[in-house]
Amino acid sequence: MTLVLRYSARSDRGLVRQNNQDSVYAGPRLLALADGMGGHAAGEVASKLVIAALVPLDDDEPGDDLLGELAEATAQGNDAITELVSEEPDLDGMGTTLTAVLFAGSRLGMVHVGDSRAYLFRDGVLTQITRDDTFVQSLIDEGRITEDEAASHPQRSLLLRALTGHDVEPALTVREARSGDRYLLCSDGLSGVVSAETLAEALTIADPQDCSDRLIELALKGGGPDNVTCIVADVVDVDYGEHDPIYGGAAGDGRPDRPPGDSAAARASAATLTRSEPESRPAPAVSETPRRGGAKRGRLRLALAALAVVALALIAVIAAKIYVDNQYYVASSGDQVAIYQGVPGTFLGVTLQEVVENPGLRIADLTPVARQQLSGDGIRVADLDGARATVARLGAEQMLPPCQPAVLPGTVPPAGAPQPGVSAPTAAPGVAGPAPVASPTTTEPQVPGRDCRQVP
């Protein structure tokens, strides 16, 4: 089964407005409608910019990420508005709604922001498949007013969301497409004038072109108070569908409209109001500004990516600093034992440790084993208290004995002190011991720092 689109599009200035701020595009894969807003022709500029940003989606087969493609194109259109306003501040305040469908066989993706609408006409039942981003719709959702009251509410045209160059999150949905489905996309110039029942009746007209003509006629018969634009598209199971793109409204460059209808109001306005008609023609080169917007968006993404890298690096530095500040070890510092905060070594020329306490313990007073432990990276400990405990243990267990004073030849050692080279025989109990006798052996002299420690 091959599902394709058969479509028609119409746009009319209406019977009151002096210009058409709606823009519309219909093609084999893309249906898009934008209702511009803002004075001094700014609304029509905004709608053209956004439609131009979406038109390239019709050039190739859509990928698997329908919503991603629609979201990206919509963002480019919004960026184009931002850029143009920055260049021409008089256009500040312009904006546009957007309702667009990207068709891919059995699936279609839809993007929506504002109060333009999309309807599905399936098996004779008309269903609105978009939600109006308006103040009165919020009141309806809250149960404060009814649908009938909303139709005459003084703030029924107040939009809560639109594409104005500021950040906005459009609604994105994916739907299943079935053979026999008919889709209607329209501006509020149609939905705000023609009832849902009358719309459903008109949508029974088989030919899309005749159907869209009838819808425009109904809006004009209803007074045509606003620009009115519509797309009628059928999902059909045939080998080939429509292939000529249709541009209309502001995007149609002011080409003549089809006859406005035979109502009295229409005939009266025809003598004074000029019109514009959608025309099947090759796509114009209207995508330059959105591409500049897309480039700007690309630069913004690169800048954000760079900021993210810097932020991650900063977080890593902070985490490393916290880690280093919570490390302690005991090691030598010159000829002294010291307590260090940090870790041994350097990083990119930065020293990663500092002496926080000097307990006053000399390296030379410790055993060779203790000195070996304190060399290099020293003795790692859990915290500062652990470092202090390690120093206390070294002082209690790893100190060399005090050096004995040297005894010169011919001198008598202090009472009770052994004499170098003299042994004292052991006396029997109760018997006076013999006088010390000289021994032929002699003791090696003590070496401070190796055998003993100097005591001040």
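Residues numbered from 1 in each chain as written. Predicted model: local features only at pLDDT ≥ 70, side-chain atom pairs only at ≥ 80, totals over all residues. Heavy atoms only, no water.

Under an unreviewed UniProt entry, the name given to the protein is Protein phosphatase 2C domain-containing protein, and the source organism is Actinomycetospora chibensis.

## Points about the nonpolar core
Put simply, the test is: Residues belong to one nonpolar core when they are buried, are Ala, Val, Leu, Ile, Met, Phe, Trp, Tyr or Cys, and are joined through side-chain atoms within 4.5 Å. Think of it in three bands: with a 1.4 Å probe and only protein chains considered, a residue is buried below 20% of the maximum accessible area for its type, exposed above 50%, and partly exposed in between. Where helices and strands are cited, they refer to DSSP runs of H or I of at least four residues and of E of at least two residues respectively, numbered from the N terminus. Residues are treated as being in contact if the distance between any of their heavy atoms lies within 4.5 Å.
Formed by 30 residues in total, the largest nonpolar core has its most connected members in I51, L54, I81, M94 and L98. Elements with a contribution of two residues or more to this core: β3 (30-37), α1 (42-54), α2 (66-87), β5 (98-104) and β6 (107-113). Not counting the four nearest positions on each side in its chain, I51 is found in contact with S23, Y25, A32, L33, A34 and L98. Of all hydrophobic cores here, the second largest spans 22 residues; its members include Y7, F103, A177 and V235.

## Observations concerning the sheet that holds strand β7 (residues 117-122)
What counts here: Only strands that DSSP links by at least two bridges are regarded as paired with each other. Throughout, an axis means a line fitted to C-alpha atoms (over the contacting stretch in the case of helices), and angles, computed between N-to-C directions, take values from 0 to 180 degrees.
Spatial ordering of the open sheet is given by β1-β11-β10-β7-β8, a layout of 5 strands whose pairing is antiparallel. At either margin of the open sheet sits one strand with a lone partner, and together these are β1 (3-12) and β8 (125-128). The sheet shows a mean angle of 20° between the axes of neighbouring strands, taken without regard to direction. The pairing of strand β10 (residues 182-186) with strand β11 (residues 228-237) spans 5 bridges and is classified as antiparallel. Within β11, the residue paired with L184 across the bridge is V232. Those strands touched by helix α7 (residues 208-221) are β1, β10 and β11, and its axis lies near 30° from that of β1.

## With respect to the packing of aromatic side chains
Aromatic rings considered in pairs are described by the distance between their centres and by the relative angle of their planes. Defined as follows: Each pair of aromatic rings taken from Phe, Tyr and Trp, with Trp reduced to its six-membered ring, is defined by centres within 6.5 Å and is described as stacked if the planes are under 30 degrees apart, edge-to-face if over 60, and tilted in the remaining cases.
Going through the model one piece at a time under the given rule, you end up with 2 aromatic pairs. With 4.9 Å between their ring centres and 75° between their planes, Y25 and Y247 make a pair best called edge-to-face. A residue pair is termed long-range when its members are at least 10 positions apart, and Y25 in strand β2 (residues 22-26) and Y247 in strand β12 (residues 246-249) qualify at 222 residues. In this pair, the class of Y25 matches that of Y247, namely buried. For the pair Y329 and Y340, a centre-to-centre distance of 4.8 Å together with 5° between the ring planes defines the contact as stacked. Taken together, the residues Y329 in strand β14 (residues 328-333) and Y340 in strand β15 (residues 336-347) connect sequence positions 11 residues apart. In this structure Y329 comes out as buried when scored by relative accessible area, which is 3%.

## Examining the state of the cysteines
To keep things clear, this is the line we draw: Disulfides are defined as cysteine sulfur pairs within 2.5 Å.
Tallied over the full model, the rule gives 1 disulfide. One disulfide in the model links C403 with C452; its S-S distance is 1.7 Å. Disulfide C403-C452: torsion about the S-S bond near 85°, hence right-handed. Of this pair, C403 sits in the loop between α11 (384-397) and β18 (422-423) while C452 sits in the segment after β19 (437-438), and the two are 49 residues apart along the sequence. The same class applies to C403 and to C452, which are both buried. Here C186 stays free of any disulfide, with the sulfur of C230 as its closest cysteine sulfur at 7.5 Å. Judged by its relative accessible area of 0%, C186 is buried. Unpaired in this structure, C211 has its nearest cysteine sulfur neighbour in C230, at a distance of 7.4 Å. On the basis of relative accessible area, C211 is assigned to the buried category, the value being 0%.

## Quick word on the layout of surface pockets
This is how it is decided: Buriedness of a pocket was judged along seven lines, with at least five required to meet protein on both sides within 12 Å; pockets are open sets of points on a 1 Å grid over the protein atoms alone, cavities are sets where a 1.4 Å probe fits but cannot get out, and lining residues have an atom within 4 Å of a point. Grid points are joined across faces, edges and corners, and a volume is the space filled by probe spheres set on the points.
Roughly 1,000 Å³ of volume is contained in the largest pocket. Lining the largest pocket are 37 residues, with D115, R156, D188, S191 and G192 sitting closest to its centre. Taken together, the elements giving at least two residues each to the lining of the largest pocket come down to β3, β7, β8, α3 (135-141), α4 (147-151), α5 (188-191) and α6 (196-202). Per element, the largest residue contribution to the lining of the largest pocket is 4 residues, and it comes from α4.

## Description of the pattern of salt bridges
Pairing is possible between side chains of opposite charge, provided their charged atoms come close. Cut-off, in case you're wondering: What counts as a salt bridge is simple: a side-chain nitrogen of Lys or Arg found within 4 Å of a carboxyl oxygen of Asp or Glu.
Under the defined criterion, the tally for this structure stands at 16 salt bridges. Salt-bridge contacts for D213 lead to R10; the nearest nitrogen and oxygen are separated by 2.6 Å. Linking D213 in helix α7 with R10 in strand β1, this pair joins segments that are 203 residues apart in sequence. A relative accessible area of 18% means that D213 is categorised as buried. R10 gets classed as buried once you look at its relative accessible area, which sits at 2%. The shortest N-O distance in the salt bridge between D141 and R131 comes to 2.4 Å. Placement of D141 in helix α3 and of R131 in the loop between β8 and α3 is noted, with a sequence separation of 10 residues between them. Owing to a relative accessible area of 46%, D141 belongs among the partly exposed residues under this scheme.

## Considering a nonpolar patch on the surface
In plain terms, the rule: For patch detection, residues must exceed 30% relative accessible area and be free of salt bridges, and they are connected within 9 Å for like charges or within 5 Å for nonpolar side chains (Val, Leu, Ile, Met, Phe, Trp, Tyr). Per-residue and other accessible areas were derived by the Shrake-Rupley procedure at a 1.4 Å probe size, with only the shown protein chains allowed to occlude residues.
Taken together, the side chains of L314, I318 and I322 make up a nonpolar region of the molecular surface, amounting to roughly 290 Å² of accessible area. As for its placement among the helices and strands, I318 is situated in helix α9 (residues 288-325).

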